[in-house]
Amino acid sequence: MSTASTKKSLIALLVCLLLCLTSIAGTRYMMTDGGKVEVNDLKIAIDTGDIVRFLEYRPVNATAESPVPAVVYSPGNDSTAESARLVASELARRGFAVYVLDLLSAGHSSESTGASPTYGFAELIDYVYYNLPYIDSSRIGIAGYSKGGGNVVRVMTDYGEEQRNSPETYEKKVSAALILAPPYSPLDDLATGINLGFGAGLYDPYSRLGFKDVPGYWPGDLSVKTEMKEVVNLGVPGTFSEEDLLDPNVKVEIGHVYGSYEENNGRVIYNPEDSTHGSGMISSAFIRDTVTFFSDTLGAPNPIDPSNQNYQILMAFSALGLLAVLALTVPVALLLLQVPVFAGLRRPAQAPVTGLQSKKDWAIFIVASLIGGFVPPIMAPVIIQQTSKIFSLTGQGTTGSVFVYGVSNNVVVWMMFSSLFLLAMFLLFHNLIHKKNGVKLSDYHLKVSLPDVGRILLLGVVVVVLCHSVVWFADFFFKVDFRLVDLAVSVMKWSHLKASLVYVPFFILYWCINSLIMNGCNRFKGMSEGLNLFLCVLCNVLGIIVVVAVYYTILYTTGVGIGAFSNWKAYMMLCYMILSATAGTIINRKVYNATSSIYLGPVIFGTLITLINTAVYTLPA
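Since this is a predicted model, take the numbers as computed values, not measurements.

Rules used in this analysis
Residues numbered from 1 in each chain as written. Predicted model: local features only at pLDDT ≥ 70, side-chain atom pairs only at ≥ 80, totals over all residues. Heavy atoms only, no water. Helix = DSSP H or I, 4+ residues; strand = E, 2+ residues; numbered from the N terminus. Pairing = 2+ DSSP bridges. Axes fitted to C-alpha atoms, helices over the stretch in contact; angles between N-to-C directions. Contact = heavy atoms within 4.5 Å. Expected span 1.5 Å × (residues − 1). Buried < 20%, exposed > 50% of the residue type's maximum accessible area, 1.4 Å probe, protein only. Parallel < 35°, antiparallel > 145°, perpendicular 65-115°, else oblique. Left-handed = near helix turned anticlockwise from the far one by under 90°. Patch = residues over 30% accessible without salt bridge, like charges linked within 9 Å, V, L, I, M, F, W, Y side chains within 5 Å. Areas by Shrake-Rupley, 256 points an atom, 1.4 Å probe, with all protein chains shown as cover. Salt bridge = Lys/Arg side-chain N within 4 Å of Asp/Glu carboxyl O. Lys, Arg positive; Asp, Glu negative; His and termini not counted. Charge placed at Lys NZ, Arg CZ, Asp CG, Glu CD. Nonpolar A, V, L, I, M, F, W, Y, C, P; charged D, E, K, R; others polar. Right-handed = clockwise from strand over helix to strand, strands pointing away. Phe/Tyr/Trp six-rings, centres within 6.5 Å; stacked < 30°, edge-to-face > 60°. Lys NZ or Arg CZ within 6 Å of the ring centre and 35° of its normal. Core = buried A, V, L, I, M, F, W, Y, C linked by side-chain atoms within 4.5 Å. Polar contact = N/O pair within 3.5 Å; in protein donor to acceptor, adjacent residues only side chain to side chain.

**Q** Would you mind going over unusual backbone geometry with me for this structure?
**A** If a residue is not glycine, its phi is most likely negative; likewise, a peptide bond is most likely trans. Positive phi outside glycine occurs at Tyr119, with the angle close to 60°. The topology assignment puts Tyr119 in the loop between β4 (97-101) and α3 (121-131). Look at Ser596: it is not a glycine, yet its phi comes out positive at around 60°. With respect to the helices, strands and loops of the structure, Ser596 is situated in the loop between α16 (568-595) and α17 (600-613).

Structural data, given as structure tokens:
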């Protein structure tokens, strides 16, 4: 590598590290509200001996002499405590102490799903109620999203059972409960005397699941649902008559408080218009409604208008770090190529030897690229439905004893289909275009020596470890990670890392095939590097962007999207794939240009993106 190239790589390295530090500082500042809130990473042992890890957002002015209200929050499935960072920070800046756990089987809590029916949520509520003198135990609220909302229902049902069967020993531990976007089930058995809110997004499939269909009305409109009227009646009997319950023209007023918070029979229904299920944790309306509910029921020590939100800045700082860590791989890899043990890999790519020489060639390229770009995302909802057949011997679950991550299994199944399909497209395109121009398969640098295999694998590990050391630094000193909602690069336990590594070969295989196409087949003579790289990125993301856009356009037009209710998971996966595909294409090309290897970039990026995709550790639950 020339002196100029080395200098360029060093500058890029410093810029990436500066962006990481900016992300760390900005994320920490926003999480702590400029030093007004302490963020503590804590653990408690429950009766079974299992460990529940949680984050505490504690206002610095919370003392035994001046206790503050608290909100205990349960994230959903395939989420961790950090996933609720946005809403937690908005509550904390208003003076609430906030507690968000890693559910048992997730994150840094114990890998035990049977130790607690609520995966540690009920135990955390007890801990806050009984053990923290700076918490006003008469003003504790609970909330949860998705599976976390189900945890709130389970806790409130257990309280209701104790309230009815053992009134002499019943303790009122919470005074407000907010249930957000779980699959709906009847709430008749919940404890009484506790203010209750229920919410699900207008475009959320869970606004339909469990509810009776109301013909002629928007599918996710909770205002016309009989079940929501019944929820109001449970707190304020007689609000809706028997005739009203079945009459969709008699509606629940969204956001209106029925009953009285002062009398602890308040009922309120939320139906945010900016939320699907996957976007609920970043929904401005949901965060506003959550802040409103607890400010009204518990009293906010630091009243701030619920619409005054700065979580978007926090989200941007966190995402900046994620992008910076991905970008960091390139200068680190290029600089390591100067180390003697890796110097043998330094073989700068030569200029492309062939190109698109006629209109027919261009037509074939465009058609092949459109087929290769559109078929995999179109097939995604169908393909991930096969996950259970592949990873579960019973065919009923989406995980197995080795492949323990449900969401990652969906990704892997889709990627393996995509790999085979793209490989077939590559062979077809090669035979139609490049072969006639004298290009042989060997010209794509498919052959690799055994010593180079060792160097590639070792360099991949070193690059990932060095880049991940920034994450360890951020976590150890500042208790932050880098993320875009649940697409995160964060610190793992050793057991988590071991379980994640089984996915690495699948991600590497996909990116090797992708690299073969983008860095071998799609490098065209006479085309500038910048234009060629843009074209490769476009080949990888255009189909995904269009398919996602069509799905969400139909969702926002009809309220139901395309196909089965569970398809939203496939389209959320594709949303994240837009970022992954863009980053992977660029990183692989930069590494290829320095090494002529179609394998090194995929080993580096494939390993790192595996850790990102498996950062949320969730066993079958």
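**Q** Please clarify how the sheet that holds strand β7 (residues 195-199) should be interpreted in this entry.
**A** Hydrogen bonding along the main chain pairs the strands of a sheet, whether they run parallel or antiparallel. Reading across the sheet, the eight strands line up as β1-β2-β4-β3-β5-β6-β7-β8 and stay open at both edges, with mixed pairing between neighbours. Lying at the two open borders of the sheet, with one neighbouring strand each, are β1 (37-45) and β8 (267-270). Here the average twist between neighbouring strands, direction ignored, is 20°. Pairing between strand β3 (residues 68-74) and β4: four bridges, direction parallel. Bridging from a neighbouring strand, Val72 pairs with Tyr99 of β4. Where helix α7 (residues 284-299) meets the sheet, its contacts fall on β3, β5 (135-145), β6 (176-180), β7 and β8, and the angle it forms with β6 comes to roughly 165°.

**Q** Can you help me understand helix α4 (residues 147-165) in this one?
**A** The α-helix advances 3.6 residues per turn, and as a result positions three or four apart in sequence lie on the same side. Across its 19 residues, α4 extends 27 Å between first and last C-alpha, which sits within 8% of the 27 Å expected from 1.5 Å per residue. Every buried residue of α4 is accounted for by Lys147, Gly148, Gly149, Asn151, Val152, Val153, Val155, Met156, Tyr159 and Gly160. Buried residues in α4 make contact with β3, α3, β5 and β6.

**Q** Mind showing me how you'd approach the packing of helix α11 (residues 406-434) against helix α14 (residues 504-521) here?
**A** Two measures define how a pair of helices packs: the angle their axes make with one another and the distance between the axes. For the pair α11 and α14, the least separation of the axes is 9 Å and the interaxial angle reads 25°. One way to sum up the angle between α11 and α14 is to call them roughly parallel. Read as a crossing pair, α11 and α14 show a hand that is left-handed. Contact with α11, carried on its side by Val411, Val412, Met415, Met416, Ser418, Ser419, Leu422, Leu423, Phe426, Phe429 and His434, involves Phe506, Phe507, Leu509, Tyr510, Ile513, Asn514, Leu516, Ile517 and Cys521 of α14 and no other residues of that element.

**Q** Would you take a moment to explain a negative patch on the surface for this structure?
**A** Taken together, the side chains of Glu161, Asp188, Asp189, Glu230, Glu242 and Glu243 make up a negatively charged region of the molecular surface. Relative to the assigned elements, Asp188 resides in the loop between β6 and β7.

**Q** I keep staring at the environment of Asp452 and nothing clicks. Help me out?
**A** Looking at the secondary structure, you find Asp452 in helix α12 (residues 450-478). Between the alpha carbons of Asp452 and Tyr592 there is a distance of 14 Å; along the sequence they are 140 residues apart. Discounting chain neighbours no more than four positions away, the residues touching Asp452 are Leu345 and Arg347.

**Q** Before we go on, may I ask you to explain the packing of helix α1 (residues 3-31) against α12 in this structure?
**A** Taken N-terminus to C-terminus, the directions of α1 and α12 make an angle of 25°; their axes are 11 Å apart at the nearest point. Of the possible angle classes, the one that applies to α1 and α12 is roughly parallel. Crossing hand, α1 versus α12: right-handed. Here Leu17, Cys20, Leu21, Ile24 and Arg28 of α1 lie close against α12, whose contacting residues are Val470, Phe473, Ala474 and Phe478. Residues belonging to the contact of α1 with α12 are distributed by class as follows: eight nonpolar, no polar and one charged.

**Q** Mind showing me how you'd approach the pairing of β3 here?
**A** Regular strands have side chains that alternate between both faces of the sheet. Among the seven residues in β3, seven count as buried, and that is most of the element. Summarising the sheet, β3 and β5 pair through six bridges and their orientation is parallel. Paired with Ala70 across the two strands is Ile140, which belongs to β5. Tracing the backbone out of β3, into helix α2 (residues 85-92) and back to the parallel element β4 gives a crossover that is right-handed.

**Q** Is there a simple way to think about the environment of Gly372 in this case?
**A** The topology assignment puts Gly372 in helix α9 (residues 359-384). For the pair Gly372 and Val224, spaced 148 residues apart in the sequence, the C-alpha separation amounts to 44 Å. Excluding residues that lie within four positions of it along the chain, Gly372 makes contacts with Phe421, Leu422 and Met425.

**Q** Quick question: what am I supposed to make of the packing of aromatic side chains here?
**A** For any two aromatic rings, the description comes down to two numbers: the centre-to-centre distance and the angle of the planes. Under the defined criterion, the tally for this structure stands at 26 aromatic pairs. Here Tyr203 and Trp218 contribute two aromatic rings whose centre-to-centre distance is 5.8 Å and whose plane-to-plane angle is 90°, an arrangement assigned as edge-to-face. One end of the pair, Tyr203, is in the loop between β7 and α5 (226-235); the other, Trp218, is in the loop between β7 and α5, with 15 residues separating them in the sequence. Residue class for Trp218 comes out partly exposed when judged on its relative accessible area of 28%. With 5.9 Å between their ring centres and 55° between their planes, Phe240 and Tyr258 make a pair best called tilted. Note that Phe240 is positioned in the loop between α5 and α6 (242-246) and Tyr258 in the loop between α6 and β8, a separation of 18 residues in sequence. Summarising the burial analysis for this pair, Phe240 and Tyr258 share the class buried. Aromatic rings pair up to connect Tyr203, Trp218, Tyr551, Tyr552, Tyr556 and Tyr571 into one cluster. One cation-aromatic arrangement involves Arg58 over Tyr134; the distance from NZ or CZ to the ring centre is 3.5 Å. Here the basic side chain of Lys147 rests over the ring of Tyr119, its NZ or CZ set 3.8 Å away from the ring centre.

**Q** Which parts of the structure should I look at to understand the pattern of salt bridges?
**A** Two side chains with opposite charge may pair up if their charged atoms get near one another. Taken as a whole and judged by the stated rule, the model has 15 salt bridges. A salt bridge links Arg94 to Glu90; the nearest nitrogen and oxygen atoms lie 2.8 Å apart. You'll find Arg94 and Glu90 in the same group, each marked buried. A salt bridge links Arg139 to Asp136; the shortest N-O distance between them is 3.0 Å. What you see here is one network of salt bridges that share partners, running through Asp41, Arg53, Glu82 and Asp102.

**Q** Where do I start with the nonpolar core in this structure?
**A** A general feature of soluble globular proteins is that nonpolar side chains tend to end up buried together. Formed by 143 residues in total, the largest nonpolar core has its most connected members in Tyr57, Tyr73, Phe294, Trp414, Phe429, Phe482 and Leu574. Counting residues in each nonpolar core, the second largest holds 53 residues, with Val52, Tyr184, Met228 and Ile269 among its members.

**Q** Even after reading the chapter, I still don't get the pairing of β7, so can you show me in this structure?
**A** Of all five residues that make up β7, five are buried, and the element is covered over most of its length. Where burial is concerned, the two faces of β7 agree: the one with Asn195, Gly197 and Gly199 and the one with Leu196 and Phe198 are both buried. In terms of strand pairing, β7 meets β8 through four bridges, oriented parallel. Paired with Gly199 across the bridge in β8 is Tyr270.

**Q** For this particular structure, what's the right way to read the side chain of Lys229?
**A** Mapping Lys229 onto the fold places it in helix α5. Buried and unpaired, Lys229 has Asp247 as its nearest opposite-charge partner, separated by 6.1 Å. Within the local environment of Lys229, its side chain forms a polar contact with the backbone oxygen of Asp247, the two atoms lying 2.7 Å apart. Not counting residues up to four positions away in its chain, the partners in contact with Lys229 are Ser223, Val224, Phe240, Asp244, Leu245, Asp247, Pro248, Val250, Lys251 and Val252.

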